[in-house]
Amino acid sequence: MDFEVKKVYNSKIGLELVIPLVLVFGTVLFLTISEKPDWIRITILLLAILFITHIFLTTNYTIEGDNLTIRSGFLINKSIDIKTIKKISETNNPISSPAISIDKLK
């Protein structure tokens, strides 16, 4: 019986992204609640927080056979044939790849 091994790697979650997001959204949510509560704004903020949390928790890289699948929430689901990869290098470019850290590979 021949079967392929599937290996899933979760993205590193960088504090350099988490801390500013928590501070910004936490402050805005606190100010929105502490003033005259506006339920529409609170709902929108909570939806944005849930969306970002979903992205953070579902960004991963799966290797199965000769295929690398990159997934980030429901926005990105990309497959790459590993045989077509010519080079892997470190980068801090924020648009180089889907990751939730500034330490990335491209």
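Note that the coordinates shown come from a computational prediction; the quantities given were computed from them, not determined experimentally.

**Student:** I'm lost on the overall build of the chain in this one. Help?
**Tutor:** Check the secondary structure of the chain and you find 2 helices and 6 strands. In the chain, the succession of α and β elements from N to C terminus is β-α-α-β-β-β-β-β. For the chain, the residues scored as buried account for 23% of the 106 residues in total. Here the contacts in the chain between residues at least 6 apart in sequence split such that 40% fall between residues at least 24 apart. Carbon and sulfur atoms make up 66% of the accessible area of the chain, which amounts to about 8,200 Å² in all.

**Student:** Sorry if this is basic, but what is going on with the environment of K83 here?
**Tutor:** Following the sequence through the fold, K83 ends up in the loop between strand 4 (76-81) and strand 5 (90-91). Take K83: its relative accessible area is 60%, and that puts it in the exposed class. It is 6.9 Å that separates the C-alpha atoms of K83 and D66, two residues lying 17 residues apart in sequence. A polar side-chain atom of K83 sits 3.2 Å from a polar atom in the side chain of D66.

**Student:** Just checking my understanding: could you explain the pattern of salt bridges for this structure?
**Tutor:** Taken as a whole and judged by the stated rule, the model has 2 salt bridges. One salt bridge connects D38 with R41, and the closest N-O pair in it is separated by 3.2 Å. Note that D66 is salt-bridged to K83, the shortest N-O span being 3.2 Å. Of this pair, D66 sits in the loop between strand 2 (60-64) and strand 3 (67-72) while K83 sits in the loop between strand 4 and strand 5, and the two are 17 residues apart along the sequence.

**Student:** Help me out: how do you make sense of a nonpolar patch on the surface in this one?
**Tutor:** Judged by side-chain polarity, Y9, I63, I82, I85 and I88 come together as a nonpolar surface patch covering roughly 410 Å² of accessible area. Tracing the chain through its elements places Y9 in strand 1 (residues 6-10).

**Student:** I'm lost on the packing of aromatic side chains in this one. Help?
**Tutor:** Between two aromatic rings, the relevant description is the distance of the centres plus the angle of the planes. Counted by the stated rule, this structure contains 1 aromatic pair. Over the ring of Y9 we find K7; its NZ or CZ atom is 5.5 Å from the centre of that ring.

**Student:** Mind showing me how you'd approach the environment of T59 here?
**Tutor:** One can find T59 in the loop between helix 2 (39-58) and strand 2. With 12 residues separating them along the chain, T59 and R71 place their C-alpha atoms 5.4 Å apart.

**Student:** Even after reading the chapter, I still don't get the environment of L17, so can you show me in this structure?
**Tutor:** Examined against the element boundaries, L17 turns out to sit in helix 1 (residues 15-34). You can call L17 partly exposed: its relative accessible area is 29%. Taking the C-alpha atoms as reference, L17 lies 6.6 Å from S101; in sequence the two are 84 residues apart. Apart from the residues lying within four places of it in its own chain, the contact partners of L17 are F56, I100 and S101.

**Student:** Please clarify how helix 2 should be interpreted in this entry.
**Tutor:** For the α-helix, the turn length of 3.6 residues means that residues three or four positions removed from each other point alike. Here helix 2 spans 28 Å end to end across 20 residues, near enough to the 28 Å set by a 1.5 Å rise per residue. For helix 2, the set of buried residues is I42, L45, I55, F56 and T58. Buried residues in helix 2 make contact with helix 1, strand 2 and strand 3.

Cut-offs and rules
- Residues numbered from 1 in each chain as written.
- Predicted model: local features only at pLDDT ≥ 70, side-chain atom pairs only at ≥ 80, totals over all residues.
- Heavy atoms only, no water.
- Helix = DSSP H or I, 4+ residues; strand = E, 2+ residues; numbered from the N terminus.
- Buried < 20%, exposed > 50% of the residue type's maximum accessible area, 1.4 Å probe, protein only.
- Contact = heavy atoms within 4.5 Å.
- Areas by Shrake-Rupley, 256 points an atom, 1.4 Å probe, with all protein chains shown as cover.
- Polar contact = N/O pair within 3.5 Å; in protein donor to acceptor, adjacent residues only side chain to side chain.
- Salt bridge = Lys/Arg side-chain N within 4 Å of Asp/Glu carboxyl O.
- Patch = residues over 30% accessible without salt bridge, like charges linked within 9 Å, V, L, I, M, F, W, Y side chains within 5 Å.
- Phe/Tyr/Trp six-rings, centres within 6.5 Å; stacked < 30°, edge-to-face > 60°.
- Lys NZ or Arg CZ within 6 Å of the ring centre and 35° of its normal.
- Expected span 1.5 Å × (residues − 1).

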